[in-house]
Amino acid sequence: AQTVTQSQPEMSVQEAETVTLSCTYDTSENNYYLFWYKQPPSRQMILVIRQEAYKQQNATENRFSVNFQKAAKSFSLKISDSQLGDTAMYFCAFSNAGNMLTFGGGTRLMVKP
Amino acid sequence: DTEVTQTPKHLVMGMTNKKSLKCEQHMGHRAMYWYKQKAKKPPELMFVYSYEKLSINESVPSRFSPECPNSSLLNLHLHALQPEDSALYLCASSQEGRQGNSPLHFGNGTRLTVT
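Keep in mind the model is a prediction, meaning the values are calculated, not measured.

What to know about the overall build of chain B
Per the secondary structure count, chain B includes zero helices and 11 strands. Secondary structure elements of chain B occur, N-terminal to C-terminal, as β-β-β-β-β-β-β-β-β-β-β. Rg of the C-alpha trace for chain B: 13 Å, near the compact-globule value of 13 Å for 115 residues, within the 12% margin. When the backbone C-alpha atoms are referred to their principal axes, chain B occupies close to 40 × 25 × 20 Å. Counting every position in chain B, which comprises 115 residues, the buried fraction comes to 48%. Considering only contacts within chain B whose residues lie at least 6 apart along the sequence, 54% involve residues at least 24 apart.

Structure follows, in structure tokens:
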């Protein structure tokens, strides 16, 4: 079975600064996908970024980027130029091709003005 | 705006009531999901429908009964619930049942309170 661990239950960052959320996972598979989902107070889970394990290049979506270290089984999310609207719960998630998502426990991020 | 619509947004029901949660998507997705989420916890998978057939039931109690009338609609029928069933119920869809290739699109959820 796969496990996903987010070691930071809560984090805070000043507006316009950069913050990194940690995620580690455990799997024996070689082909898999990793995700970061954001859940603001509006409750909707929103896909932030996705990484295919066979791709060495780190995924980037505007202010969001990942540091994917396959050997270390690490998948951290960097948010640059943090904005107040980034305040949310962030969930790291893992999926084998064909299998369901396994979520981490979440990190609550607060962006302070 | 969410492309997956859930109604109602909030629901309060007694333990003897029968109610239904509804979910709708028009993205042509062929897989639909129900998740249960407790406060400050990640979502927990309940059911998966793929091509309108139930493909996964994560040992959910029979007081929760899913229904997929067509490829765009997903219902969750509730009967004789317990207070511990109070939670946020999230609906999601994906192009197919393989979540690696087709990420989930979530609705805003129904906040359920059982009294």
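Details of the interface of chain B and chain A
Contacts between the two partners involve 29 residues from chain B, matched on the other side by 21 residues from chain A. Carbon and sulfur atoms make up 56% of the surface buried where chain B meets chain A, a total of about 1800 Å² over both sides. Where chain B meets chain A, there are six residue pairs in polar contact (both at pLDDT 80 or more). Elements supplying a minimum of two residues to the side of chain B that touches chain A: β4 (31–37), β5 (44–50), β9 (87–94) and β11 (110–114) of chain B. At three residues, the largest contribution of residues to the side of chain B that touches chain A is made by β4(B). Residue composition of the side of chain B that touches chain A, grouped by class: 12 nonpolar, 12 polar and five charged.

A few points about the side chain of Ser72(B)
All names here are of chain B. Summarising the element assignment, Ser-72 is placed in the loop between β7 (64–70) and β8 (73–79). Taking the relative accessible area as the measure of exposure, Ser-72 reaches 18% and is therefore buried. Beyond its immediate stretch of four places on either side in the chain, Ser-72 contacts Cys-23, Glu-24, Gln-25, His-26 and Met-32.

Digging into the sheet that holds β7(B)
All names here are of chain B. Reading across from one edge, β1-β3-β8-β7 is the order of the four strands in this open sheet, with antiparallel pairing throughout. Of all the strands in the sheet, the pair left with one neighbour each is β1 (4–7) and β7. Across this sheet, the average inter-strand angle for adjacent strands is 20 degrees, counted without regard to direction. Inspection of the sheet shows β1 paired to strand β3 (residues 18–25) by four bridges, in the antiparallel sense. Counted as the bridge partner of Gln-6 is Cys-23 from β3.

Regarding the pattern of salt bridges
A full pass over the atoms with the stated rule returns six salt bridges over all chains. If you follow the salt bridges from partner to partner, you end up with Arg50(A), Glu52(A) and Lys55(A) in one network.

Thoughts on the pairing of strand β6 (residues 46–52) of chain A
In the sheet, strand β5 (residues 32–39) of chain A pairs with β6(A) via six bridges, with the strands oriented antiparallel. The residue of β6(A) that forms the bridge with Lys38(A) is Ile46(A).

Brief notes about the nonpolar core
Counting 25 residues, the largest nonpolar core has Tyr25(A), Trp36(A), Phe75(A), Leu77(A) and Tyr90(A) as its most contacted members. Mapped by element, the contributors of at least two residues to this core are β3 (19–21), β5, β6, β8 (64–69), β9 (74–79), β10 (88–96) and β12 (107–112) of chain A. In this structure, Leu21(B), Met46(B), Val60(B) and Leu76(B) belong to the second largest nonpolar core, which totals 22 residues.

Examining the pairing of β5(A)
Residue and element names in this part refer to chain A. Across the eight residues that make up β5, a large majority, eight, are buried. Across eight bridges, β5 lies against β10 in antiparallel orientation. Bridge pairing in β10 links Lys-38 to Tyr-90. Linking two consecutive strands that pair antiparallel, namely β5 and β6, is a turn of six residues; a positive phi of about 85 degrees is found at Arg-43 within it.

Cut-offs applied
- Residues numbered from 1 in each chain as written.
- Chains lettered and ligands numbered in written order.
- Predicted model: local features only at pLDDT ≥ 70, side-chain atom pairs only at ≥ 80, totals over all residues.
- Heavy atoms only, no water.
- Helix = DSSP H or I, 4+ residues; strand = E, 2+ residues; numbered from the N terminus.
- Rg over C-alpha atoms; globule rule 2.2 N^0.38 Å.
- Buried < 20%, exposed > 50% of the residue type's maximum accessible area, 1.4 Å probe, protein only.
- Contact = heavy atoms within 4.5 Å.
- Buried area = accessible area lost by both parts, 1.4 Å probe.
- Polar contact = N/O pair within 3.5 Å; in protein donor to acceptor, adjacent residues only side chain to side chain.
- Nonpolar A, V, L, I, M, F, W, Y, C, P; charged D, E, K, R; others polar.
- Pairing = 2+ DSSP bridges.
- Axes fitted to C-alpha atoms, helices over the stretch in contact; angles between N-to-C directions.
- Salt bridge = Lys/Arg side-chain N within 4 Å of Asp/Glu carboxyl O.
- Core = buried A, V, L, I, M, F, W, Y, C linked by side-chain atoms within 4.5 Å.

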